[in-house]
Every structure is written in structure tokens, then in C-alpha cells.
Amino acid sequence: MAKELAKTYDPKGLEDRIYQTWEEKNYFHAEVDRSRKPFTIVIPPPNITGILHLGHAFDNTVQDILIRFKRMQGFNTLWQPGTDHASISTEVRIIQELQKEGIQKEDLGREGFLKRAWEWKEEYGGTIVKQLRKLGSSCDWERERFTMDEGCNRAVTEVFLRMHEKGYIYRGSRIINWCPVCNTSISDAEVEYEEQNGHLWHIKYPLVEEDGSISKTRFLEFATTRPETMLGDTAVAVHPEDERYADLIGKEVFLPFVERRIPVVADEYVDREFGTGVVKITPGHDPNDFEVGKRHHLPEVNIMNDDATINENGAKFAGMERYAARKQIVKELEEMGLLVRVEDYTHNVGTHERCHTTVEPLIKKQWFVKMDDLIKPAAEAVRNGTIKLIPPRLNAMYFNWTDNIRDWCISRQLWWGHRIPAYYCDDCEEVTVAAETPDKCPHCGGTHFTQDPDTLDTWFSSALWPFETLGWPDKTEDLDYFFPTDVLVTGYDIIFFWVIRMIFSSYEQMGTYPFHTVMLHGLIRDSEGRKFSKSLGNGIDPLEVIEQYGADALRLTIITGNSPGNDMRFYFERVENSRNFANKVWNASRFILMNMEKAAEGGEDVRYFLDTKLPEGLEAADHWILSRMNDMVREVTENMEKFELGIAVGKVYDFIWDEFCDWYIEMVKPRLRSADAKDGSQTCAKEDAADAAHTSRPQIPQAESDAQAHHAPSHIAALWTLQTVLITSLKMLHPYMPFVTEEIYQTFVGDAGSAERSRFAESIMISDWPLYDEALCFAEDEREISLIKEAVRGIRNLRSEMNVAPSKKTKVFVVSENEATRSVFEKSRLFFETLSHASESVCQTDKTGIADDAASVVLADAVIYIPLSELVDISAEIERLTKEKERLEKELARSKGMLANEKFLSKAPPEKIAEEKEKQQKYEQTYAQVQERLSALQ
RNA sequence: GGGAGUGUAGCUCAGCCGGGAGAGCGUUCGCCUCACACGCGAAAGGUCACGGGUUCGAGCCCCGUCACGCCCACCA
């Protein structure tokens, strides 16, 4: 029957094989099916330049878990995959590659460059997609899309046209962030501020006197961090209510080098407290000054070329690089006596997040999206709960953005990307926005056009991702069925870049929101809490982790202990622990298979898991584990519905390892063993006897073994329970650890006969998600087994403290006046004895026949005695019991205090009071027993 | 400057509706117990950052303080 499983779980080879089977069986693929409810997730498209890092692994594991969970719950699940063209990083990458060959991108020309870029994309662009498969991602690969494929291109053009038509897209001169190295504008969101040590130069400009002469004695002093921008100054500003300068407002100062007379203006932007309360105004090179300049109708002087060298407006500094110019200007100002002083100054400098070049604010004609109207429904959706952010605390972050939105600069001076569908008439230079080159200029009738050379910000197409991937702008069945999608999973760091833009784009184009829930996860950091970065060299390649420990171990590690929105640190020790867990599950399964085989050798069909009805003859331990399993199913499902994946998987883990493996399997062993003795061959019996001779293992008394044989088949009930609990646990674990669970599941189900087979899913990934079942609640059995567990723990503890060798078996007496308690021990004798290393257990009502110096474990209404006279140190025993007595005294004091408190009695809920009373009673009973023991010993 | 966080065992982190402090790793002790040494059993280890308050009762709620990162803004 069942296949052999290796002794240790080894994911190598196995994962690829299983993944391939899933793909061949087409399990990942979704088709429109009106009879079923869809559940859709669109992947945050990874950059084609990317290789898989732990962030992707995290993001995609979360998505895969949700998808697999929903798939098993019966939803028609679609996980829509694809990749992003990532304009800047791809273009930079290709330029670097060209440089190695000594080629500039201009040498190739636009078309040649794009050809090269596509070749590059075809060759390397698929890497990350292959890597996602290694993780186990159950994406519908047949539907894979690319942000620059034909459909997405149409979508982008369509949206551009529509938004331009409505006036949301406009072209205008604005001060933008310019990256002189990437040679393109970048959006505000792409600017990263870095604290840098710099200087604050205090400079003074001479005043222009009434007669137009330049004063040699009167100056206006101010401070600046960027002295070179003075070449573009068109004013100096003071606060309108600043009395110190009231008389100077409207006058002029003289700007050295460029020899310009510029006005003193009054503007509230100026902070009177800072420095001298005077600010130089450079509208061409500072965003704030740009605003001031607009208010005062100041000229805008651009002093810089695109490569950040000074241009012809910079007088004699023309041609110098910006920092060289700065140095020279400072030097000359000093010689002219206009430099007052220099102080060290730490300030934040805007840099380009991709290359960390200091950005240069420049005035450029760019395309913008007007945001104030578009953003309103996006903000509203989150405010009124139509879209839920998880965790909700990130709402504040979201609103911070929506409330302070600025127009979105969408043009980029790059070649790789969606070219802006705008055409300039060669005759009149007027612009026409159209899907294709117009025939005739609507302004002058001209027939020759030049298309805008710029491309769109990468995020412009990503913003359309949830609907463009489903066929928009066409009206497709897919779009109608799968859209709006359900959950978006991404890191909180791209709420602004992506999430908000998808929300308003979808609302604008589709008239509805793209998803109802956004699950935001944190970042994975290294073991010291640092971000992973190339410069730190602390990168961890997920593929290596998978190679070494398996994808399941990686997935489990990433999810365990994490809650939405929180960062987590990555440790190899934790991966090891996850791997160990996979091995644990593996071996538990191996144990069950082994026992099934043994039973099968005796001619029984033992694939009981195929039968879902509760069989006859289940014992307390079986009921207990089924009941615990049932709770686990409910709690795990609830937590998964709440996106608390870390909590959910923790519960599966604890259940499997602690309750199922460490307790239930151990409880069941003697039952399976006694079955061996019954149907076992002679050799088996002989071996047992031989074993027993030199280890003093507890022997099943002959009479009892016979009794078992006549009894309802206990080992059959155990085998049924083992299989049922295992299969259910595997299902609960499957979204987290898809490979090992599938492999084991296949081992159990794989060769079931065709009749049984039809009742069973052929793969765990399309099997049914377990449901909470009232029929599996066994409160009484849970209480009984708790009692046994408590007793076993006590005995183990005692033996450990007394240094009793595990091989040393002892007689155990359970003394209780309570008949029900005695009966619990009687019923569970078989495994109680094994678990507590007892040679024999005897239940009785009093201490008859028990030595006074026996060691004891005190329970509420029972005392367990272990005669260990030759081993027990009486004083140690007294000490142990005294410690126990003290502990109980403390608990009793607490409990009595509470119950004596009238306010507690009058205000606490009745069930809490009852609970406390019960506890008190138990403490009192136990306490009395301990005291009795102590007095007997002393 | 604004915002939202975090602070719990040596380390990393859980801790739901307020009702006797948990896990993993590490440490110590004992075990190759016929599923698993990637294992089993046991133990030690905590002023739940600090100070107030609310409450019969606070790790959890409220106020304040300190520390640490994060996001946003960008005062020249």
C-alpha cells in the first residue's frame, strides 16, 4: 500500500516535482465560472530587472497563503501575475551594459536603444517569474502580463487621453526634481532626504542707494546652504512685519557677478527667527522660492544645465560643475568682503532614491496629473471603510498623503516606457494629444508632427494594473467576473507610489474601487534590524535558503510570529527551526504509515481516513485530540479571515507539535503495540520478549492484552484518529507549507482504490478546507485528559528532580476518594503508565500499603505516590513539598483576597466569580493534601 | 515641526473582549524511549521602559516622561 517515506524529510527535488505536477494539472488556472464566487488577487508586479529577494518572498508567500486558503474554501481563485517594465531601473541597467561595450545610448538612437531593451527584457526579464515558482506561488501563469505588453499599452494611452480630455492631465512649467545623473525628472515620492553635514554661508549683498549707486557701507545679510544658486537670485525676502527691515521693502540690493539689481520683497514665508530674517529668493532652483516668486511675479532664472553644470546665465562661472562653482563663488565673495562667516550645518538634502545623487530643483515643462479632485474619492473610500487597510493604524499614513497631495509629475526624460501620446505641430508648435500621430493639426492645419520625446512615470501604468490585466479597455468576461479584485497585498512602503494611485485610477476609469482590502506587511530586515541593501552587502538570497532548507521552511519562517504592518528580522536559526518542523510533520506521518502497514499485514484495510464518520470505539484520548483539533480548525480559520497569518500558523504549529505529536501519538503507542502483540507474528513477540529481558520496559500484562483483543478494536480507533487528525492538520498547514503537506497527502491518498479515490481530492491543494464541527466537541474527555496530563507532568517532574533514570520503572499509586477520578486513571491506565514510566499503576481509595516515605505528586483530589525508598532523599522531598506549599499559599492568598473583596463580588461578572471559587476550592484541596504529606514525612 | 509605532525572559518576538506572564532560539540537567537527536523529558530565567490615573482587578484602557527606529514636511 503506502509508499515508504525517508527517515528525514528532504525537500530537494521533491518541490520542483510537485510544482510541476500542479502546473500540469492546471490547478492554478482560473476560468470565469458564474456558479462560483471569485476571489482575486493581483500581484504587485516585480520589476523585470529584479531578482528575488526576501521582500518578494514575504509578499508572495502572503499572497499564496491567502489564495490557497480561499481556493480550499471553494472560491474560484485567481492570482493574476505579471511584471513591471520599471522604466528608470531598467534604462539604467541597459545603459550600464552598453557602457561596457563603449556605447552611449544616443549612439543607438531611440529605436536602436529600445530594440536592445526588449532583447534584454526577453533574456533576463523572466528570471524573477521563475524564482517565484520556486517559492510555490500558485499564480495563474497562463495569464501572465507585462506593463508594456500590447494590452497595457492600449490601457495607458486610453487613460491618458481620457484624463487629458477631462482636464486632469496638463502640461506646464513647474519646479521639479531633476536627477542630473539619470538625466530625468523624478516625482516627489522618488526623492529621499538624507541628513548631510554641510555649511551655512552667511553672505551679504550691498544695498542700492536712492541715487542708484551701490552702497559701500550698507548691506543685507542672509544665510544659505547653496551659495551657487545666488546666480539665479531674483529677489531677497523679509517678513512683512519685521520692523528691522520695514524700510527696505521695495528697495533693491545688488547681486554680485551677474550684476543684477534685485528687489527686497515682503513674504510671510520668511521665518524672522532664523538667522538674520532675510532669505535670498531663487525661483529657478528652490521649490519654496518658486512659490514666493509666483506671488511676487519675479523672473525665473535658470542657471543650470541638465547635467548640473552652470549655464550661460551664470556669468563667468558658466560651464563649471555645481560644486566647483560653489567653491569658487564662496572664495570670490570672501575676497570681495561679502562673506560674513561660515558655520557647520547639518541639514537634509534631497537625493534620488535610485542613485542617491543630490537632486536639483529645476523649472521644466512637464506633464502633470491634477490631483485635488481625483484624490477625494480615494480618501473617502478609506475614511468610510469601503476599502479597509490592514492594520488600520496605517490609515493615518494614508490620509497624511491624501490630505497633502500635490500634482503628480508624470513625464520622464527616458526612452524605456510608455511614450507620451502628445504630438507637437512642426508649424505652429501646438500640442495635440491623440492615440496616433494626427493627420492634420487642429490649430493650423499643419501636417508634420513631432511626438513628445518623454515617457510616462512607471507608476502611471502600475496604477491601472488591477483592471488592465483583466482586459480593460475591452469589455471582457474576465473583467466583469474577476473585477473588482478582493485583496491587495503589499508593503506599507508603497502605499503612496502605488496603492493610492490604483485606487483613484480605478475609481476614475472603472467607477469602482479596485479591491476591498489592502493587507500591508512590513519589511524584512537582517538579524541586526537593518534594511537589506546592496551597499551593506547583507543581502540574503531566498533561493539559497530554499536550496538549503526548502521553500516550506522559508515560507514558515517568514510568516511565523509576524503581524500585519510589522517589520521582522531574519535569522537562519529560525529557518532551521522551520525545517525541523517540516521534519516533525514528516516523521509523525511516517509513524502513522508504519502502523497502517503493520495493521495491513494483518489483513485489515486501515485507510480509515477515507471514512469521515466517527467510528465506534473511540476512547477518551481520541475524543480529546479530535476536540482539540476542532478548536484549532476554528481558531486558525478565524485568524486567517482576519489576516492574522502569524497567529494562525502558530496555532497549527503548536497543535501539531505539542498536542498531536508530543501527547497524542505518545498516548496511542501502547494501543498500537498491543495490537502488534495480538496480530503480530511470532518473531515480533519474540523480539518483544527479548527486549523486555534487558530493558525493564513495562510489559503489557498478558491478561490485559487478551482483554484488548476482545475489546472493541482500540488500535483501529487510534489509527482512524491518527489519520483523521493528520490529514486535517496537513490541510490547515497546506497554505503555509504547500510542498511537504502535498507530498505526505499524496503518500496517503495516492494509491487509494478508485472508489475511495472519487471521494477524495486528488491533491491537497484542491481539497476541502476543514470546518468546525459541533460533533467533535468533547468537553468531558478534554477534562479527563487534562487530569492525566497534569499527573504525568507531575510525575516526570518529580522523577527528573530526583534524578531517576528514565529506564527505571516504578510502581505508581493513584490515591483518591473520588470515584470518578479513579475511573479516569483506570480507563487511561495503558498510556498513563507508559507516559509516567510506571511499571504498574494501582488506583485505590486510601494509603494502604504505601510507604510513608514514598515520593508524591499532589493533585486537587488525588495524590500520586511513587515508592522510591532507595532513591528518594527525604529531605529533598520535604523541600520540594514545602516549595509547593508556599506556592499554593500565595495562590490561595490571592484567590481569597479576591473573593473576600465585596466590590469584586458585586461588580465582577458572575462567571468570573464562579471560576475563581472553583480555583480556590482546588487550591484548598491541594493545599490540604500537601500538608498531610508533609506531616507524614516529618 | 507633524504623524503613527515600538519598549514583555540572555536574543528575536507573540500576548484576542482588562481576570493567575507565553513561544522559538540560547542556557542548564537527564535521555540514542522501536516516527523524528532536524529528537524526547525536565529546569532556570520577567519590577511587562518609567511615573501617575481609571477600575473590584491593568502587560492590555487614559495622561505624562524617557529611549529607539519609521513615515511625512523641509526653515534659507
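These numbers were taken from a predicted model, which means no experiment stands behind them. (Residues numbered from 1 in each chain as written. Chains lettered and ligands numbered in written order. Predicted model: local features only at pLDDT ≥ 70, side-chain atom pairs only at ≥ 80, totals over all residues. Heavy atoms only, no water.)

1. Description of the overall build of chain A
Link 1 in the chain: Tallying secondary structure elements over chain A gives 30 helices and 29 strands in all.
Link 2 in the chain: Rg of the C-alpha trace for chain A: 38 Å, well past the compact-globule value of 30 Å for 938 residues, more than 25% over.
Link 3 in the chain: Summarising its shape, the C-alpha atoms of chain A cover approximately 125 × 65 × 55 Å along the three principal directions.
Link 4 in the chain: Within chain A, contacts between residues separated by at least 24 positions form 78% of all contacts whose residues are at least 6 apart in sequence. (Helix = DSSP H or I, 4+ residues; strand = E, 2+ residues; numbered from the N terminus. Rg over C-alpha atoms; globule rule 2.2 N^0.38 Å. Contact = heavy atoms within 4.5 Å.)

2. Considering the sheet that holds strand β15 (residues 388–390)
Link 1 in the chain: Reading across the sheet, the three strands line up as β15-β23-β22 and stay open at both edges, with parallel pairing between neighbours. Sheet topology places β15 and β22 (487–491) at the edges, where each strand pairs with a single neighbour. Recorded for the sheet is a direction-independent mean angle of 20° between the axes of neighbouring strands.
Link 2 in the chain: Pairing geometry for β22 and strand β23 (residues 517–521), over five bridges, is parallel. Paired with L488 across the two strands is V518, which belongs to β23.
Link 3 in the chain: Sitting on the sheet, helix α2 (residues 54–72) is in contact with β22 and β23, with an inclination near 160° to β22. (Pairing = 2+ DSSP bridges. Axes fitted to C-alpha atoms, helices over the stretch in contact; angles between N-to-C directions.)

3. Overview of the sheet that holds strand β5 (residues 169–179)
The pairing of strands in a sheet comes from backbone hydrogen bonds and takes either a parallel or an antiparallel form.
Link 1 in the chain: Sheet architecture is open: four strands sit in the order β6-β5-β14-β16, paired in antiparallel fashion. The strands lining the two open edges of the sheet, one partner per strand, are β6 (184–186) and β16 (408–409).
Link 2 in the chain: Judged from the ten bridges that link them, β5 and strand β14 (residues 360–369) form a sheet pairing that is antiparallel. By the bridge assignment, N177 is partnered in β14 with P361.

4. Some thoughts on the packing of aromatic side chains
Link 1 in the chain: Under the defined criterion, the tally for this structure stands at 31 aromatic pairs.
Link 2 in the chain: Between W118 and W416, the ring centres sit 5.2 Å apart and the planes meet at 75°, which makes this aromatic pair edge-to-face. Separated by 298 residues along the polypeptide, W118 in helix α4 (residues 105–124) and W416 in the loop between β17 (411–412) and β18 (422–425) bring together distant segments of the chain.
Link 3 in the chain: Note on W118: relative accessible area 32%, which makes it partly exposed.
Link 4 in the chain: In this structure W416 comes out as buried when scored by relative accessible area, which is 0%.
Link 5 in the chain: The rings of F160, W367, W408, F460 and F504 are connected pair by pair, giving a single aromatic cluster.
Link 6 in the chain: Above the ring of F113, the side-chain terminus of K105 is found at 5.8 Å from the ring centroid. (Phe/Tyr/Trp six-rings, centres within 6.5 Å; stacked < 30°, edge-to-face > 60°. Buried < 20%, exposed > 50% of the residue type's maximum accessible area, 1.4 Å probe, protein only. Lys NZ or Arg CZ within 6 Å of the ring centre and 35° of its normal.)

5. Digging into the nonpolar core
Link 1 in the chain: Formed by 194 residues in total, the largest nonpolar core has its most connected members in F460, F660, L722, Y736, F825, F832 and I864.
Link 2 in the chain: The leading source of residues in this core is helix α19 (residues 645–679), at 14 residues.
Link 3 in the chain: Each residue touching F460, except ones within four places of it in the same chain, is listed here: V156, V159, F160, I169, V369, W408 and I410.
Link 4 in the chain: Within the second largest apolar cluster, 37 residues are counted, among which are L220, I329, V330 and L339. (Core = buried A, V, L, I, M, F, W, Y, C linked by side-chain atoms within 4.5 Å.)

6. Thoughts on a negative patch on the surface
Link 1 in the chain: The grouping of D426, D427, E429 and E430 at the surface amounts to a negative patch.
Link 2 in the chain: Along the chain, E429 turns up in the loop between β18 and β19 (431–433).
Link 3 in the chain: Take E429: its relative accessible area is 63%, and that puts it in the exposed class. (Patch = residues over 30% accessible without salt bridge, like charges linked within 9 Å, V, L, I, M, F, W, Y side chains within 5 Å. Areas by Shrake-Rupley, 256 points an atom, 1.4 Å probe, with all protein chains shown as cover. Salt bridge = Lys/Arg side-chain N within 4 Å of Asp/Glu carboxyl O. Lys, Arg positive; Asp, Glu negative; His and termini not counted. Charge placed at Lys NZ, Arg CZ, Asp CG, Glu CD.)

7. Re the pairing of strand β27 (residues 838–844)
Link 1 in the chain: Counting buried residues in β27 gives five out of seven residues, a clear majority hidden from the surface.
Link 2 in the chain: Here six bridges tie strand β26 (residues 810–815) to β27, and the two strands are oriented parallel to one another. The residue of β27 that forms the bridge with V815 is Q844.

8. Points about helix α14 (residues 495–510)
Link 1 in the chain: Counting buried positions over the 16 residues of α14 gives 14, a clear majority of the element.
Link 2 in the chain: Count one or two residues on from α14 and you reach G511, which has phi positive near 75°.

9. Remarks on the packing of helix α18 (residues 620–641) against helix α25 (residues 779–801)
Link 1 in the chain: Relative to each other, α18 and α25 sit at 110°, their axes nearing to 8 Å. Looking at the two axes, α18 sits roughly perpendicular to α25. From α18, A620, A621, H623, W624, S627, R628 and D631 reach across to α25, where they touch D781, E782, E784, I785 and K789.
Link 2 in the chain: In terms of residue class, the contact of α18 with α25 is built from four nonpolar, two polar and six charged. (Parallel < 35°, antiparallel > 145°, perpendicular 65-115°, else oblique. Nonpolar A, V, L, I, M, F, W, Y, C, P; charged D, E, K, R; others polar.)

10. Some remarks on the environment of A237
Link 1 in the chain: If you trace the backbone, A237 turns up in strand β9 (residues 235–238).
Link 2 in the chain: When its relative accessible area of 0% is taken as the criterion, A237 is described as buried.
Link 3 in the chain: Setting aside chain neighbours within four positions, we find A237 in contact with V265, V270, G277, V278, V279 and I281.

11. Considerations on the side chain of S627
Link 1 in the chain: Turning to its location among the elements, S627 is positioned in helix α18.
Link 2 in the chain: Residue S627 is classed as buried on the basis of its relative accessible area of 4%.
Link 3 in the chain: One polar contact links S627 to E782, side chain to side chain, over a distance of 2.7 Å.
Link 4 in the chain: Discounting residues that sit within four places of it in the chain, S627 has contacts with L776, C777, F778 and E782. (Polar contact = N/O pair within 3.5 Å; in protein donor to acceptor, adjacent residues only side chain to side chain.)

12. Considering the pattern of salt bridges
Link 1 in the chain: Per the counting criterion, the structure on display carries 56 salt bridges.
Link 2 in the chain: A single network of salt bridges, built from pairs that share partners, joins R628, D631, R634, E638, E659 and E782.

13. Observations regarding the confidence of the model for chain A
Link 1 in the chain: Per-residue confidence for chain A gives a mean pLDDT of 86, with 93% of residues at or over 70.
Link 2 in the chain: When the elements of chain A are averaged for pLDDT, helix α20 (residues 682–694) gives the smallest value, 34, and strand β2 (residues 76–80) the largest, 98.
Link 3 in the chain: Low confidence marks residues 679–712, where pLDDT is under 50. Its contacts with residues over four positions away, or in another chain, come to 20 contacts.
Link 4 in the chain: As scored by the predictor, the complex reaches a pTM of 0.89 and an ipTM of 0.92. (pLDDT = per-residue confidence, 0-100.)

14. As for the environment of K70
Link 1 in the chain: Note that K70 resides in helix α2.
Link 2 in the chain: Classification of K70 by relative accessible area gives buried; the value is 12%.
Link 3 in the chain: Sequence separation between K70 and P38 is 32 residues, and the spatial gap between their C-alpha atoms is 9.4 Å.
Link 4 in the chain: Not counting chain neighbours up to four residues away, the residues in contact with K70 comprise F39, F75, T77 and E641.
Link 5 in the chain: Reaching out from K70, the side chain makes a polar contact with the side chain of E641 at a distance of 3.2 Å.

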